[in-house]
Amino acid sequence: RFVEAGGGPAAAQSAAFQRHLLRVPDYLWVSEDGMKMQGYNGSQGWDTSFALQAFAEADLASEFQEMSCRAYSYLERTQILSTPASKASPAYAYESADMRKRYYRHVSEGGWPFSSSAHGWPISDCTAEGLKAVLCMRDLPAIQASCARIDDQRIFNAVNVILTLQNVDGGFATYENNRGYRWYEKLNPSEVFGDIMIDYSYVECSMASLSAVYAFAKAFPDHRRAEVQGAIQAGRRFIKSIQRPDGSWYGSWGCCFTYGTWFGVEGLVLSGEPPESDNLQRACAFLIAKQNPNGGWGEDFTSCYDKAYAAHGMQRWGDEGSGVVNTGWALLALMAAECPDAAAVRRGIHYLMRRQLPNGDWPQEGIAGVFNRACGISYTQYRNIFPMWALARYARHYAPKFARNGMDRASDGADLTA
């Protein structure tokens, strides 16, 4: 807009340029280790979706009603082109089939963005995690009494966005379907990002989408039934096909193999894979082999660009080579797979409990997120969401099933199943 206005002092004072300047702070963020420049205007939608799912599994939503209602209301407001305000905006006119065809746009209505409604781009995993969060909260009495309703049609629109993003290989991409060939990467002009010339199917997007479709099918078993079941089975085959020989999955959006393996395991379990499955057994064996003596797991950003588990990656930024976020991911995967090595799971749980700070927080450690193999992303909410989620799953689901002879007690005597 500055150039369009002719440049110079007059252009700098133009209304359009001044409105642009108002949005610059959205991309700046001061963390514990200094100023950050974000690729998006935050990760609010993504973090909120995970947090609500963790609270739901912990059965804490009714205890923290105000927080739950505010978070749910945020998801209600940010569902793309779904509120009265967004449908009255000029953007809604571009959602028609003719306009989408004209401008090569994917369907947007019903999706969820990575951050806020100002972001406005539907993404498969953001839509999926948003949908899962809504489904696990919408029937709670506190939500029904205090929050704007997300009606069934908005839920149908969300699952439609997800189903349209499934690729022919059965997996799910991020923003659009796969529309090209890998050799396009030879034309990649970026000095930072890898694998960006086309959109690929990822284990994270596939698990998120599969689990959302699975949750949707439980809530609405008759809606597009055959299509939903076909999508689940195709996605299951895709996730199995990209499992590495050592039992792990490579994580493309987090650091890295603990992250990818959690997604791979959850995706298989929720699509019907039995605990005795070779795929799940190999995944558990991989994670157990990577557990550190202190009970935790740890890897860092180097796992992403080396595509090999960075066994010593958290020596500098973690705790004796372990980190609370990697440990949370590993434990969630092991418990989802019903790993029979209860002692290993218990050691991981004790590690998280020891690392929690007196105020309830967990320490900020190394970078946990990544975009396109080579760009590290700080997710400060991860340090609380995933340890809490792992503790909740252990106390409410895993320990009651696998505890024996009172062994599931913390070192201070606290009953972890209480």
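Bear in mind that the values here come from a model prediction, so they are computed numbers and not experimental data.

**Some words on the overall build of the protein chain**
So, step 1. Helices and strands together make up the secondary structure of the protein chain, namely 17 helices and four strands.
So, step 2. Its C-alpha radius of gyration of 22 Å places the protein chain within 12% of the 22 Å reference for a compact globule of 418 residues.
So, step 3. Taking the principal axes of its C-alpha atoms as reference, the protein chain extends roughly 75 × 50 × 50 Å.
So, step 4. Within the protein chain, the fraction of its 418 residues that count as buried is 53%.
So, step 5. Expressed as a percentage of contacts within the protein chain between residues at least 6 apart in sequence, the contacts between residues at least 24 apart total 68%.
So, step 6. Counting only carbon and sulfur atoms, one obtains 54% of the accessible surface of the protein chain, whose full area is about 19500 Å².
So, step 7. Mean positive and mean negative side-chain charge positions of the protein chain (40 and 44 charges, respectively) differ by 3 Å.

**A short note on the pairing of strand 2 (residues 34–37)**
So, step 1. Relative to strand 2, strand 1 (residues 28–31) is paired through four bridges, and the arrangement is antiparallel. Across the sheet, Ser 31 pairs through a bridge with Gly 34, a residue of strand 2.
So, step 2. Turn length for the strand 1-strand 2 hairpin, with the two strands adjacent in sequence and antiparallel, is two residues.

**What to know about helix 17 (residues 382–402)**
So, step 1. Maximal helix bending in helix 17 amounts to about 45°, located at Tyr 394.
So, step 2. The buried fraction of helix 17 is high, at 15 of 21 residues.

**Notes on the confidence of the model for the protein chain**
So, step 1. For the protein chain, the average pLDDT comes to 91, and 96% of its residues sit at 70 or higher.
So, step 2. Within the model, the stretch residues 405–414 combines pLDDT values under 50 with 14 contacts to residues more than four positions away or in other chains.

**Description of the nonpolar core**
So, step 1. Phe 50, Leu 131, Trp 262, Tyr 382 and Phe 386 are the most contacted members of the largest nonpolar core, which has 102 residues in total.
So, step 2. Discounting residues that sit within four places of it in the chain, Phe 50 has contacts with Glu 129, Trp 262, Phe 263, Tyr 382, Ile 385, Phe 386 and Trp 389.

**A few points about the pattern of salt bridges**
So, step 1. This model, assessed by the stated rule, comprises 18 salt bridges.
So, step 2. Note that Glu 227 and Arg 224 form a salt bridge whose closest N and O atoms lie 2.9 Å from each other.
So, step 3. Residue class for Arg 224 comes out partly exposed when judged on its relative accessible area of 28%.
So, step 4. Salt bridges here are not isolated pairs; linked through shared partners, they connect Glu 57, Glu 266 and Arg 393.

Analysis parameters
Residues numbered from 1 in each chain as written. Predicted model: local features only at pLDDT ≥ 70, side-chain atom pairs only at ≥ 80, totals over all residues. Heavy atoms only, no water. Helix = DSSP H or I, 4+ residues; strand = E, 2+ residues; numbered from the N terminus. Rg over C-alpha atoms; globule rule 2.2 N^0.38 Å. Buried < 20%, exposed > 50% of the residue type's maximum accessible area, 1.4 Å probe, protein only. Contact = heavy atoms within 4.5 Å. Areas by Shrake-Rupley, 256 points an atom, 1.4 Å probe, with all protein chains shown as cover. Lys, Arg positive; Asp, Glu negative; His and termini not counted. Charge placed at Lys NZ, Arg CZ, Asp CG, Glu CD. Pairing = 2+ DSSP bridges. Bend = angle between axes of the 7 residues up to and from the residue. pLDDT = per-residue confidence, 0-100. Core = buried A, V, L, I, M, F, W, Y, C linked by side-chain atoms within 4.5 Å. Salt bridge = Lys/Arg side-chain N within 4 Å of Asp/Glu carboxyl O.

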